[in-house]
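Results of the structural survey
If you want the building blocks of each chain, they are given just below.
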Amino acid sequence: MALTGLEIYKLLPQTNCKDCNFPTCLAFAMKLAAKQAELKDCPHVSEEAKEKLESAAAPPIRLVELHGGNGKVQVGNETVLFRHEKTFYNMPGIFWRLGDDESVDELKSKAKRADAYQADYVGIDLKLDGFAIEAKSDPAAFASAIEAVRSVSQKPLILLASTPELAKAGVEACGDTRPLLYYADKDNWQEMAEIAKEAGIPLALRGATLEELAELTKSIQEAGVEDLILDPGLSGHLESLQQLTTLRRLSIKKSFRPLGYPVITFPGRDESSNEMLLAAGHIAKYAGFIVLENVDPSVLYPLLVLRQNIYTDPQKPIQVQPALYEINSPDGDAPLMVTTNFSITYFSVANEVEGSGWPAWLMVADAEGMSVLTAWAAGKFDAERIAKAVKACGAEEKLNHKKLIIPGHVAVLSGELEEELPGWEIMVGPREAVEIAGYLKAMWQK
Amino acid sequence: MTVETPKEAWTGTVREVTLGATADQGGTRSRTLTVGAESTLPFLHFEASIPNPPALALEIRDRKPDDWSPLLYEAWGDVMDDPAAWAKAAEEAGADLVYLVLSLTTSDGSPNTVENVRAVVRKVLDATGLPLAVIGAGQAEVDNELLVAAAEEGKGERLLLGLCEEKNYRTIVATAMANEHLVQSRTPMDVNLAKQLVILINDMGMPLERIVMDPTTGALGYGIEYGYSVMERLRLAALQGDKMTQQPMIVTPGEECWKVKEAKVGEGVPETWGDWEPRAIAWEGITAAALLHSGANVVVLRHPENMRRTRSMIDELMSSKAAG
Ligand code: B12
Ligand code: SF4
């Protein structure tokens, strides 16, 4: 939590020497609080005060970054408990657990497939973030499993290694990437911290209680590792929700530094819960990394969509540029359709038309990023706006006809539109985008 | 080092609402359903009491629908031809509430009638001991006529009648009051509209203990985030003591999800969507799970597998091994 001007003032020398070019220490403190001055401008501030001021300025949940060969994942830096209060910033990284007890070929083929996974959701690429490789036998097997995965994927890694020997072998096999080392606990933390520090990589800590975790983060920080991740060993829906909420509240509302780090979860670790629904809970409520056992596309795709939805900025709906879009290389005889610039709406329609193979012109009207009915109800998708868009988009020059297909949900607009667009024929399309291909087949004469 | 669990001191409580009436209470239900009454956010037992678990409703129709996903026809089979059998199957699948939605037309295409609705409501009430919701087909004039018939047929059963919307709530509320039922008030994803409609319905004389609020949800990928946040805001307002937002919340992820392409269509979709059936079930299941986390007191589902999965999630979340 940021300090107020007065709180900062109490930490300054209070001599009013003016070396900072402000008339008084208080004036300087006020500027600092407003982030209009920098602490280094006061040459007299004590080391202790400096530390306090710097740690107060740090974000309540530390930003931690992993790098692969070229991909990177950032988690943490959240500032609110509920998305409507501002937004959630850094989506939880979704990783797939692979074990080094599988053959190198098996690992390669799995990792290759998962690496290539890329689903399109309203023009956004949805992907898996990386792999969590688990050491199940000896350092050599661990290293070769990591090498196998790295040979087919540039994504960041999490190293699941329970002993310092395994950790060392794993870190070495990661070359100059920046994996997360998992895990240090109260027994092995000194050695693990040493390894993480030397490699300059983040370290995950495991503790049975939040108290144990808080002590560990303190010790490890003192040992020189700053980028930490917490594993409170969550199992099941209830413990997950309660602990993750407690951790988020401690960071955001209490500025409790020792636990101000992202949390890693393993929703498939406890087989008594449904992994997918538990992962959904972790996405909604506060996980930083989620390591999945099962990444079948039928599970992964909906989870990635949920993550995208929860992490969109509530202040701005995802939009596309209003314009006249060409689908399947249309010519002057191709149909002209109108829709809104809400991404979900645009892509529902564009994907259907593209998939149907019909060449078509899709005119996207500026409806302030709202769906067809929402925009219509809000007065942002009316005859006047649509007519204006038709005139402005240049369709008249490009087309050999004057027919406009409107969404079935706004059939009521057709009369008014005919008045606004003299000479045009307004055709009422189907209500749902899936029905467009059938509609064109039946209604559009080439 | 001691770590304290931060607790909020909420001043408000969600209103407790009971659906259905047993013989003692003037109805014929074998059990009733009580929702609401919590004094904290979903499942934070360490903070304050949560006496009633969220409930699961199953949507059935007065006749076999024409446009549902093939997966749902497969899952329910022949019972869809008979609302009584369907209601029984819903009870067997573990529903707490049968959510009967009326159709505009009967299966031969002619307009639905008051006589038909009475007969269906009677059959369903006889077939199951669960509390019942009866929801109109979505056209104001038709709904008003059909719902009055349903309300009279089920007099004293404490049915849930809906949907009461801003433009059409008076007749439904009046008949609910005359026949001792409850109502579902639906508003389009807006905190103030939700509150406003509760006030209007209450102003007609309907007690707040008989209003369940439906803030509207979207499906995963199709606007769920708007509904999710509106529900969180409504619940926070309720806990902060805003009386007119303290109604339990009901949402319909089943209806929303099963009409989207990801659930409805098996062929010609991107390979990255995965196999149809597990994906479709995941769509409804994940939507429902997210809504439970944002404060839903009743979720209305369509697929029996999600009854099972969601039930086990709720059981876990309500178990007393409270951590933290
Ligand atoms: C999410 C949502 C919102 C979000 C907005 C999301 C957004 N960016 O648009 C929020 C919460 C902000 C919102 C607000 C409002 N909403 Co609203 N909202 C919805 C909701 C739940 C989903 C809409 C959605 O995203 N659908 C998905 C998209 C993809 O659908 P679509 O754009 O219609 O596109 C489909 C088809 O139309 C078709 N299609 C699209 N283009 C074309 C083109 C052609 C040629 C063809 C053939 C087909 C076609 O393909 C698509 C896929 O099938 C609906 C209810 C529902 N479940 O539908 C209510 C709904 C649209 N909202 C409604 C209302 C009234 C409002 C408000 C006016 C309420 C208020 N008074 O505040 C406000 C208006 C906003 C404002 N004043 O700023 C009403 C509209 C009622 C009506 N029939 O007039 C609805 C229907 C809810 C209801 N039942 O009352 N809403
Ligand atoms: S330089 Fe430091 S001590 Fe001097 S006036 Fe500025 S803040 Fe105060």
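Residues numbered from 1 in each chain as written. Chains lettered and ligands numbered in written order. Predicted model: local features only at pLDDT ≥ 70, side-chain atom pairs only at ≥ 80, totals over all residues. Heavy atoms only, no water.

**Brief notes about the overall build of chain B**
Along chain B, the regular secondary structure elements total eleven helices and ten strands. Its C-alpha atoms give chain B principal-axis dimensions of about 70 × 55 × 35 Å. Every one of the 324 residues in chain B was classed for burial, and the buried ones make up 61%. For chain B, long-range pairs separated by at least 24 residues make up 68% of all intrachain contacts whose partners lie at least 6 apart in sequence. Surface accessibility of chain B: about 11,600 Å² in total, with carbon and sulfur atoms responsible for 48%. Put simply, chain B has 30 plus and 47 minus side-chain charges, and the middle of one group is 3 Å from the middle of the other. (Helix = DSSP H or I, 4+ residues; strand = E, 2+ residues; numbered from the N terminus. Buried < 20%, exposed > 50% of the residue type's maximum accessible area, 1.4 Å probe, protein only. Contact = heavy atoms within 4.5 Å. Areas by Shrake-Rupley, 256 points an atom, 1.4 Å probe, with all protein chains shown as cover. Lys, Arg positive; Asp, Glu negative; His and termini not counted. Charge placed at Lys NZ, Arg CZ, Asp CG, Glu CD.)

**Some details on the interface of chain A and chain B**
A common way to report how large an interface is uses the accessible area buried once the components associate. If you look at the interface, chain A gives 54 residues, while chain B gives 54 residues. For the pair chain A and chain B, the summed buried area comes to about 4,400 Å², and 65% of that belongs to carbon and sulfur atoms. Across the pair B:Glu8 and A:Lys253 runs a salt bridge whose closest N-O atoms are separated by 2.8 Å. Connecting chain A to chain B are 15 residue pairs in polar contact (both at pLDDT 80 or more). Counting only elements with at least two residues in the side of chain A that touches chain B, the list comes to strand S4 (119–121), helix H8 (210–222), helix H9 (236–254), helix H10 (275–284), helix H11 (297–310) and helix H12 (343–356) of chain A. In terms of residue count, H9(A) provides more of the side of chain A that touches chain B than any other element does, 13 residues in total. A per-class count over the side of chain A that touches chain B returns 27 nonpolar, 17 polar and ten charged. (Buried area = accessible area lost by both parts, 1.4 Å probe. Salt bridge = Lys/Arg side-chain N within 4 Å of Asp/Glu carboxyl O. Polar contact = N/O pair within 3.5 Å; in protein donor to acceptor, adjacent residues only side chain to side chain. Nonpolar A, V, L, I, M, F, W, Y, C, P; charged D, E, K, R; others polar.)

**Description of the site of ligand 2**
Neighbouring residues of ligand 2: A:Pro13, A:Thr15, A:Asn16, A:Cys17, A:Lys18, A:Asp19, A:Cys20, A:Cys25, A:Phe28, A:Cys42 and A:Pro43. For the shell around ligand 2, the class distribution of residues is seven nonpolar, two polar and two charged. (Near = heavy atom within 4 Å.)

**Some points on the pattern of salt bridges**
Per the stated rule, a full pass over the model turns up 37 salt bridges over all chains. Salt-bridge contacts for A:Glu134 lead to A:Arg97; the nearest nitrogen and oxygen are separated by 2.6 Å. Taken as a pair, A:Glu134 in strand S6 (residues 130–134) and A:Arg97 in strand S3 (residues 93–99) lie far apart in primary sequence, 37 residues in all. Judged by relative accessible area, which is 23%, A:Glu134 ranks as partly exposed. For B:Glu180, the salt bridge goes to B:Lys155, with nearest N and O atoms at 3.5 Å. Of the two residues, B:Glu180 sits in the loop between helix H5 (170–178) and strand S7 (182–186) while B:Lys155 sits in the loop between helix H4 (140–153) and strand S6 (160–164), which places them 25 residues apart along the sequence. Under the relative-accessibility criterion, B:Glu180 is labelled partly exposed at 38%. Here the salt bridges do not stand alone but share partners, grouping B:Arg118, B:Arg122, B:Asp126, B:Glu152 and B:Glu153 into one network.

**Looking at the site of ligand 1**
Close contacts around ligand 1 come from 34 residues, with A:Thr339, A:Thr345, A:Ser371, A:Val372 and A:Glu432 the closest. Between ligand 1 and A:Thr345, the relevant distance is 2.6 Å, taken from an oxygen atom to a side-chain nitrogen or oxygen of the residue. Take B:Glu256: an N or O atom from its side chain is 3.0 Å from a nitrogen atom of ligand 1. Elements with a contribution of two residues or more to the shell around ligand 1: strand S14 (336–340), H12, helix H13 (372–377) and strand S16 (403–406) of chain A. Residue composition of the shell around ligand 1, grouped by class: 23 nonpolar, seven polar and four charged.

**Thoughts on the environment of A:Asp129**
All names here are of chain A. One can find Asp 129 in the loop between strand S5 (124–126) and S6. Asp 129 sits 15 residues away from Ala 114 along the chain, and the two C-alpha atoms are 9.7 Å apart. In terms of polar contacts, Asp 129 uses its side chain to reach the backbone amide nitrogen of Ile 94, at 2.7 Å. Within the structure, Asp 129 has its side chain in polar contact with the side chain of Arg 307 (distance 2.7 Å).

**Concerning the packing of aromatic side chains**
Each aromatic ring pair is specified by the distance between its two centres and by the angle formed by the two planes. All names here are of chain A. Enumeration over the complete set of coordinates arrives at twelve aromatic pairs over all chains. Feature note: the residues Phe 88, Tyr 286 and Tyr 311 constitute an aromatic cluster, connected by ring pairs. Here Arg 206 stacks its cationic end above the ring of Tyr 183, 4.3 Å away from the centre of that ring. A cation over a ring is seen here: Lys 403 above Trp 444, with NZ or CZ 5.4 Å from the ring centre. (Phe/Tyr/Trp six-rings, centres within 6.5 Å; stacked < 30°, edge-to-face > 60°. Lys NZ or Arg CZ within 6 Å of the ring centre and 35° of its normal.)

**Description of the domain arrangement of chain A**
Split by domain assignment, chain A resolves into domain 1 (5–57), domain 2 (64–310) and domain 3 (323–443). Between the C-alpha centres of domain 1 of chain A and domain 2 of chain A there is a distance of 38 Å. (Domains from an automatic or database assignment.)

**Thoughts on unusual backbone geometry**
Residues and elements named next belong to chain A. The peptide bond linking Tyr 182 to Tyr 183 adopts the cis configuration, its omega dihedral lying at 10°. Position of Tyr 183 relative to the elements: it lies in strand S8 (residues 180–184). Phi is positive for Gln 14, close to 60°, though the residue is something other than glycine. Inspection of the secondary structure puts Gln 14 in the loop between helix H1 (5–11) and helix H2 (25–33).

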